[in-house]
Amino acid sequence: MKRHDIASFLLISILLALPAGYEPGHFAKALFATSFIQSVAYGLVLTLLIRKSIWLRHSVVGFVFILFCLESFLFFRFGSRFDPNILTLILQTTGSETKEFASVYLTSPFTLLFLTIAIGFGTMMYHLLSDTRLVEWGKRYTKGWIPSVIATMLLATGLLIQYLPLPCPVGKNTIHRLAESIDFVVDRHHEIDMMKVAIDSIVVNRTPHTEEAPIIVWIIGESFNKYHSSLYGYAL
């Protein structure tokens, strides 16, 4: 393997796996470890696909780095990784709300500091992983049939780890987490479309007179919390 191939492979694997270790709890290390095994499989496949083109390699590594920055920003700012709720909010956000979000968060000191640290971290990792000694080690131990067998085992384990009977929870790397969230949102939006069709098919046979059923207009803001209502004992 060439110098840039090894660096790209390791950098992709690490960046995809790191967010799984953010989650608190006793299983944080196990989540990162299992996610890293999964990410090694993803990194191996991506590296084999992009090794022939320098522009494709830069694009894929840059895309993975952007996903890493986005998920890390979401976690450290809002306490959440990629999930269906985040994607649903993005789909429901209008252009003006997006501008307001950008004006509030993208120019904040936290975001600028975060981006500086993230870019510095990515650059440092790439240079460290491109070290000549690592390349020589890679050339020495990637010859013959044994490395191919090990790579095949890692690939199979990484792709099937979600289905293995492990004694601890399995972490999901960034791409896996994002793909599952997108799939969930797509399914739920399909159900919402079906509900709209069902509601539109309802036929009202009779409209009551005002004396029988007075018209009541009840206005609720989208951020209304039922536990902040006097009905549930809220004091205000």
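Each residue is numbered by its place in its chain's sequence as written, counting from 1. Residue-level local features of this predicted model are given only where pLDDT is at least 70; pairs of side-chain atoms are given and counted only at 80 or more, and the full residue set underlies all totals for whole chains, interfaces and linings. Water and hydrogen atoms play no part in the side-chain values, which are based on all heavy atoms of the structure.

Participant: Lay out the pattern of salt bridges in plain terms, naming residues and giving numbers.
Facilitator: Should a side-chain nitrogen of Lys or Arg be within 4 Å of a carboxyl oxygen of Asp or Glu, the pair is scored as a salt bridge. Applying the stated rule across the entire model yields 2 salt bridges. We note a salt bridge from Arg-81 to Glu-71, for which the minimum N-O separation is 2.8 Å. In this pair, Arg-81 sits in the loop between α3 (54–78) and α4 (84–92) while Glu-71 sits in helix α3, placing the two residues 10 residues apart along the sequence. Remark: exposure states derive from per-residue accessible area (1.4 Å probe, protein chains only) relative to the maximum for the residue type, with buried under 20%, exposed over 50%, and partly exposed in between. Its relative accessible area of 3% is what places Arg-81 among the buried residues. Elements are defined by DSSP. Helices are runs of H or I of four residues or more, strands are runs of E of two residues or more, and each kind is numbered from the N terminus.

Participant: Give a description of the packing of aromatic side chains that names residues and reports values.
Facilitator: For this analysis, a ring pair means two rings from Phe, Tyr or Trp (six-membered ring only for Trp) whose centres lie within 6.5 Å, classed as stacked if their planes differ by under 30 degrees, edge-to-face if by over 60, and tilted for the remaining angles. Tallying each qualifying case throughout the model produces 7 aromatic pairs. Where Tyr-22 meets Phe-76, the ring centres are 4.9 Å apart and the plane angle is 55°; that geometry is what we call tilted. In this pair, Tyr-22 is assigned in the loop between α1 (3–17) and α2 (28–50) and Phe-76 in helix α3, connecting sequence segments 54 residues apart. Linked through ring pairs, Tyr-22, Phe-75 and Phe-76 together constitute an aromatic cluster.

Participant: Just give me the short version of the nonpolar core, but keep the residues and values in it.
Facilitator: By nonpolar core is meant a set of buried Ala, Val, Leu, Ile, Met, Phe, Trp, Tyr and Cys residues that side-chain atoms within 4.5 Å join together. Counting 16 residues, the largest nonpolar core has Ile-12, Leu-15, Val-64, Phe-65 and Cys-69 as its most contacted members. Of all elements in the fold, only α1, α3 and α6 (109–129) reach the threshold of two or more residues within this core. Looking at this core, the element that brings in the most residues is α3, giving 7 residues. Here, residues are in contact when the closest pair of their heavy atoms is within 4.5 Å. When near neighbours in sequence (up to four residues on either side) are disregarded, Val-64 contacts Ile-12, Leu-15 and Leu-16. Judged by nonpolar contacts, the second largest core, of 7 residues, contains Leu-67, Leu-74, Leu-178 and Val-185.

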